[in-house]
Amino acid sequence: MDWIPTARSTHLPLRICLIVLLLSLSGCAGSQSILDPAGIQAERIASLFWWMFGGGMLIWIGVVALAGYVIKVRPGKHQPVKSQWLIIGGGVVFPALVLTALLIFGLSIMPETRPGEGERTDIRISVAGEQWWWRVHYQTDNGESVELANEIRLPVGRTALFELTSTNVIHSFWIPALGGKVDMIPGRTNRLLLEPTRTGTFQGACAEYCGTSHAFMRFRVQVMEQQAFDQWLAAQAQPAHTPTTPEAREGRRVFMSNGCASCHTIRGTAADGQRGPDLTHVGSRLSLAAGTLPMAPESFTHWIGHTRDIKPGVVMPRFEVLGQEKLEALAAYLTSLE
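Summarised in this report is the structure supplied together with it. Model, not experiment: these values are computed from the prediction.

Structural notes on the overall build of the protein chain
Along the backbone of the protein chain there are 8 helices and 12 strands. Burial statistics for the protein chain: of 338 residues in total, 39% are counted as buried. When contacts within the protein chain are restricted to residue pairs at least 6 apart in sequence, long-range pairs at least 24 apart make up 62% of them. Of the roughly 18200 Å² of accessible surface on the protein chain, a fraction of 61% belongs to carbon and sulfur atoms.

Digging into the sheet that holds strand β7 (residues 182-184)
Within the open sheet, the 5 strands sit side by side as β4-β10-β9-β6-β7. Their pairing is mixed. Every interior strand has two partners, whereas the edge strands, β4 (151-155) and β7, have only one. Within this sheet the neighbouring strands show an average axis-to-axis angle of 25 degrees, counted without direction. This element, helix α4 (residues 226-236), spans β4 and β10 (218-224) of the sheet and lies at about 140 degrees to β4.

Observations regarding the packing of helix α5 (residues 246-257) against helix α8 (residues 324-336)
With their axes 7 Å apart at the nearest point, α5 and α8 run at an angle of 105 degrees to one another. Between α5 and α8, the crossing angle belongs to the class labelled roughly perpendicular. Here Glu247, Ala248, Glu250, Gly251, Arg252, Arg253, Val254 and Phe255 of α5 lie close against α8, whose contacting residues are Lys326, Glu328, Ala329, Leu330, Ala332, Tyr333, Leu334 and Ser336. Split by residue class, the contact of α5 with α8 holds 8 nonpolar, 2 polar and 6 charged.

Description of the packing of aromatic side chains
Overall, the coordinates contain 12 aromatic pairs when judged by the stated rule. Geometrically, the ring pair formed by phenylalanine 49 and phenylalanine 53 is stacked, given 6.2 Å between the ring centres and 20 degrees between the ring planes. Pair noted here: phenylalanine 49 and phenylalanine 53 are both in helix α2 (residues 40-73), with a separation of 4 residues, about one helical turn. Judged by centre distance (6.1 Å) and plane angle (65 degrees), the rings of phenylalanine 255 and tyrosine 333 are edge-to-face. Residue phenylalanine 255 is located in helix α5, and its partner tyrosine 333 is located in helix α8; the two are separated by 78 residues in the primary sequence.

Focus on the nonpolar core
With 37 residues, the main nonpolar core has Val127, Tyr138, Ile152, Phe162 and Phe173 as its most contacted residues. Among the elements that take part in this core, β10 stands out by supplying 4 residues, more than any other. Each residue touching tyrosine 138, except ones within four places of it in the same chain, is listed here: Ile123, Arg124, Ile125, Glu144, Ser145, Val146, Leu148, Ile152, Arg153, Phe229, Trp232 and Leu233. Membership of the second largest hydrophobic core comes to 24 residues, among which are Cys260, Val282, Leu288 and Leu330.

Criteria and cut-off values
- Residues numbered from 1 in each chain as written.
- Predicted model: local features only at pLDDT ≥ 70, side-chain atom pairs only at ≥ 80, totals over all residues.
- Heavy atoms only, no water.
- Helix = DSSP H or I, 4+ residues; strand = E, 2+ residues; numbered from the N terminus.
- Buried < 20%, exposed > 50% of the residue type's maximum accessible area, 1.4 Å probe, protein only.
- Contact = heavy atoms within 4.5 Å.
- Areas by Shrake-Rupley, 256 points an atom, 1.4 Å probe, with all protein chains shown as cover.
- Pairing = 2+ DSSP bridges.
- Axes fitted to C-alpha atoms, helices over the stretch in contact; angles between N-to-C directions.
- Parallel < 35°, antiparallel > 145°, perpendicular 65-115°, else oblique.
- Nonpolar A, V, L, I, M, F, W, Y, C, P; charged D, E, K, R; others polar.
- Phe/Tyr/Trp six-rings, centres within 6.5 Å; stacked < 30°, edge-to-face > 60°.
- Core = buried A, V, L, I, M, F, W, Y, C linked by side-chain atoms within 4.5 Å.

Structure, rendered in structure tokens:
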């Protein structure tokens, strides 16, 4: 016996599609969503998505309408000429027109999402992808370079030009709420232009598999008012504060006497290592270990003692041999570097 579609059987796929659509849209907000834009470039990308979504829905509705017409409205034998027109018109011409319109629209907004040659920018930031963290350089107004790690702060309403490269493998720099992703390729510098439109804290990530701890290569972006940003950048350009508590002073001694200074820089001290992140103002950052741990003394203690358990494959060795007391002193010192 041939299967005859019923109203219930034809409505079920539609209900499933609607449920899936609603569940998908419920996750479109948040600090790491391309559909909750907080920058001009992200707004263009979100607009393109919705137009593509609408075009896809038009094609889907057209196909479903043709199927419904053949199965339900005219289930019998069809005239060859009329059938050919339905197939050519609904299956070829209509999708081709919709897709061509989407292509033209996508190409028209592409220049708005890419920096032009000689384009004026308010701030210039260099970011290098490491395994597995981010080395960040700001250029101050007096030409001085300030190095940070795993964190970016931007002034709202100002254009920021990112110069992106890698020292090892291919990474991909992506802040979904602010703009599109750009690959970071060894030996090459790619550029990305972002202009935030509202303040807030947003999530960034590496969008290209780059090794064992790729999933632990995150960072945060804080968009601030211009005055607050200027004050923050001026503070970041200053040397490290001298520790004021006995525990922090002991932590500095432990830092200098156990090889930490050969890999890390703390400006204003003898520590001038270049292999690891700059720690001059590490205590003022929003997270630790490239977004892996919250910024807190206990996080430092756990990270220094168990680095390779937390982030497999990292170069930094575990220092559990120091013992809990010295680890806590180190944590007190590093937390005080604000």
